[in-house]
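# Inside the fold
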Amino acid sequence: LIGGAMAYTFLAAQGRTVGASHIESELVDLCLTLLRRAEEIGVELLLPLDHVCGRTFAPDTERLVTGGADIPAGWIGLDIGPRTIEQFAAAIRAAQTRIWNGPMGVFEWDAFAAGTRAIGEAAATSGALSIVGGGDSAAAAERFELAERFSHVSTGGGASLEFLEGKQLPGLSALADR
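This text gives an overview of the structure that appears in the document. (Residues numbered from 1 in each chain as written. Predicted model: local features only at pLDDT ≥ 70, side-chain atom pairs only at ≥ 80, totals over all residues. Heavy atoms only, no water.)

### Re the sheet that holds strand β5 (residues 129–133)
Strand pairing in a sheet relies on backbone hydrogen bonds, with the paired strands running either antiparallel or parallel. Ordered by their spatial adjacency, three strands build an open sheet running β4-β5-β6, and the pairing between neighbours is parallel. The strands lining the two open edges of the sheet, one partner per strand, are β4 (97–100) and β6 (152–154). Here the strands of the sheet are splayed against their neighbours by 10° on average, with no regard to which way each runs. As paired elements, β5 and β6 share three bridges and run parallel to each other. Residue pairing in the sheet places I131 in a bridge with H152 of β6. (Pairing = 2+ DSSP bridges. Helix = DSSP H or I, 4+ residues; strand = E, 2+ residues; numbered from the N terminus. Axes fitted to C-alpha atoms, helices over the stretch in contact; angles between N-to-C directions.)

See the structure below:
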């Protein structure tokens, strides 16, 4: 599941319009390669079906919920939309292991917090192994009073991802050497 700011670069790689949302132009080709590779090996990679957008990057900006994956010119994607929440939450509920790394939107602003809250709740619900990896995700889990419902909460997002990749982490290497 790819949401939040990262999703706009993936959507742009698919030829979708992303309005005034920030994309990392230098990563569009990589995103396209990853999308193709996922399809080749049968990995279902979910991207937003709709968005909650703002006219400007401000908590009290005019809001728009898109009817689809494209974002109109002049609008900024600031959260995932209701159809995406439904799809992502269903996928999360079906998973036996849940690793949450990154918010779905600007969760610090109430008008754009629904996606992150819903994804956090879906990940924290049930007896499945559930891990939060990252400072922003950990902050969201705390804000929405979900942290205690996760199996583990890590504030080291980059380190968490590197650990899952199988990379050596200096702190763990030092412990192993002891």
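Picking up where we left off.
### Focus on the environment of A95
When you line up the elements, A95 lands in the loop between α3 (82–94) and β4. On the basis of relative accessible area, A95 is assigned to the partly exposed category, the value being 26%. Separated by 28 residues in sequence, A95 and A123 have C-alpha atoms that sit 9.0 Å apart. (Buried < 20%, exposed > 50% of the residue type's maximum accessible area, 1.4 Å probe, protein only.)

### Quick notes on the packing of α3 against helix α4 (residues 114–124)
At a closest axis distance of 9 Å, the pairing of α3 and α4 adopts a crossing angle of 15°. Between α3 and α4, the angle falls in the class roughly parallel. Crossing of α3 over α4 shows right-handed handedness. In this structure, α3 uses I85, F88, A89 and I92 to contact α4, whose residues at the interface are A114, G115, A118, I119, A122 and A123. (Parallel < 35°, antiparallel > 145°, perpendicular 65-115°, else oblique. Left-handed = near helix turned anticlockwise from the far one by under 90°. Contact = heavy atoms within 4.5 Å.)

### Description of the sheet that holds strand β3 (residues 76–80)
Here three strands make up an open sheet; going across it, the order is β2-β1-β3 and the pairing antiparallel. Two strands in the sheet have a free side with no partner beyond their single neighbour: β2 (63–65) and β3. Within the sheet, the average angular offset between the axes of one strand and its neighbour, ignoring direction, is 30°. Of the strand pairs in this sheet, strand β1 (residues 51–54) and β3 are connected by four bridges, and their pairing is antiparallel.

### So, the packing of aromatic side chains
Aromatic ring pairs: the centre-centre distance and the angle between the two ring planes describe each pair. Tallying each qualifying case throughout the model produces four aromatic pairs. Aromatic pair F57 and W109: ring centres 4.7 Å apart, planes at 55°, arrangement tilted. Here F57, found in the loop between β1 and β2, pairs with W109, found in the loop between β4 and α4; they are 52 residues apart in sequence, far enough to count as distant. Accessibility expressed as a relative area gives 54% for F57, which makes it exposed. Through successive ring pairs, a cluster of aromatic residues spans F57, W109 and F112. Positioned over the ring face of F112 is R63, at 5.9 Å from the centre of the ring. (Phe/Tyr/Trp six-rings, centres within 6.5 Å; stacked < 30°, edge-to-face > 60°. Lys NZ or Arg CZ within 6 Å of the ring centre and 35° of its normal.)

### A short note on α3
Taking 1.5 Å of rise per residue, the 13 residues of α3 would be expected to cover 18 Å, and the 19 Å separating its terminal C-alpha atoms lies within 8% of that figure. On its buried face, α3 sits against β3, β4 and α4. (Expected span 1.5 Å × (residues − 1).)

### Some remarks on the side chain of D50
As for its placement among the helices and strands, D50 is situated in the loop between α2 (28–40) and β1. Put simply, D50 is tucked away with no salt bridge, and the nearest opposite charge, on R83, sits 5.1 Å away. Here the side chain of D50 touches R83 through a polar contact of 3.0 Å, landing on its backbone nitrogen. Of the polar contacts made by the side chain of D50, one reaches the side chain of T84; its length is 2.7 Å. Contacts of D50, omitting those with residues within four sequence positions, involve T66, G68, I80, G81, P82, R83 and T84. (Lys, Arg positive; Asp, Glu negative; His and termini not counted. Salt bridge = Lys/Arg side-chain N within 4 Å of Asp/Glu carboxyl O. Polar contact = N/O pair within 3.5 Å; in protein donor to acceptor, adjacent residues only side chain to side chain.)

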